[in-house]
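Structure assessment
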Amino acid sequence: QVQLVESGGGLVQAGESLRLSCAASGRTTSYAMGWFRQAPGKEREFVASISMSGLNTNIADSLKGRFTISKAKNTLYLQMNSLKPEDTGIYHCAARQAMFDSSVSTDSGVYRHWGQGTQVTVAS
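A brief structural summary. (Residues numbered from 1 in each chain as written. Predicted model: local features only at pLDDT ≥ 70, side-chain atom pairs only at ≥ 80, totals over all residues. Heavy atoms only, no water.)

**Brief notes about the pattern of salt bridges**
Formally: Salt bridge, as applied in this entry: a Lys or Arg side-chain nitrogen positioned within 4 Å of an Asp or Glu carboxyl oxygen. Any residue under 20% of the maximum accessible area for its type is buried, any over 50% is exposed, and the rest in between are partly exposed; the area is computed with a 1.4 Å probe on protein chains only.
Within the structure shown, the criterion is met by 4 salt bridges. Residues Asp61 and Lys64 are paired through a salt bridge, measuring 3.3 Å at the closest nitrogen-oxygen approach. The class for Lys64 is exposed, based on a relative accessible area of 52%. Connected through shared salt-bridge partners, Arg37, Glu45, Arg66 and Asp87 make up one network.

In structure tokens, the structure reads:
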């Protein structure tokens, strides 16, 4: 079992940066993690994922160059630069048990543990 608690969301102006954090507790051994977001009226969207070691990452094509995923001991991060109004949404972190370090799935259905979500609003 793993518990996830997100923080760092808020209201920012377009062009600014924001860093989201996700603190993990409980049994965190062999977990791969990821970030997903959901804008009003839209389906949940893959943002980024990272393998258990942090050596492998996967960023959504449309977000490459602006978003970066990383991890430290028991904490997952999402660095968001040059934010745009279309980045507005509820951001969730997620975790799943992984067999291989190369696992960086984009499928929300394979993640079994989810945080409560944090709202990110980007004003123009």
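**A word on the state of the cysteines**
Operational definition: Only a pair of cysteine sulfur atoms within 2.5 Å counts as a disulfide in this structure description. Helix and strand assignments follow DSSP, with helices taken as H or I runs no shorter than four residues and strands as E runs no shorter than two, numbered in order from the N terminus.
Counted by the stated rule, this structure contains 1 disulfide. The residue that forms a disulfide with Cys22 is Cys93, at a sulfur-sulfur distance of 2.1 Å. Here the disulfide of Cys22 and Cys93 is right-handed, its torsion about the S-S bond being about 55°. Taken together, the residues span a long stretch of sequence, with Cys22 in strand β3 (residues 18-26) and Cys93 in strand β9 (residues 89-97) at a distance of 71 residues. A relative accessible area of 0% places Cys22 in the buried class. Judged by relative accessible area, Cys93 falls into the buried class, the value being 0%.

**Considering the side chain of Thr88**
Inclusion rule: Here a polar contact is taken to be a pair of N or O atoms separated by no more than 3.5 Å, where protein atoms must pair a possible hydrogen donor with a possible acceptor and residues adjacent in sequence count only if both atoms sit in side chains. Residue contacts are counted whenever heavy atoms from the two residues lie within 4.5 Å of one another.
Considering the arrangement of structural elements, one finds Thr88 in the loop between β8 (75-80) and β9. Engagement of the side chain of Thr88 in a polar contact is seen with the backbone oxygen of Pro85, the distance being 2.9 Å. If near-sequence neighbours (up to four positions away) are discounted, Thr88 is found in contact with Ala39, Gln119, Val120, Thr121 and Val122.

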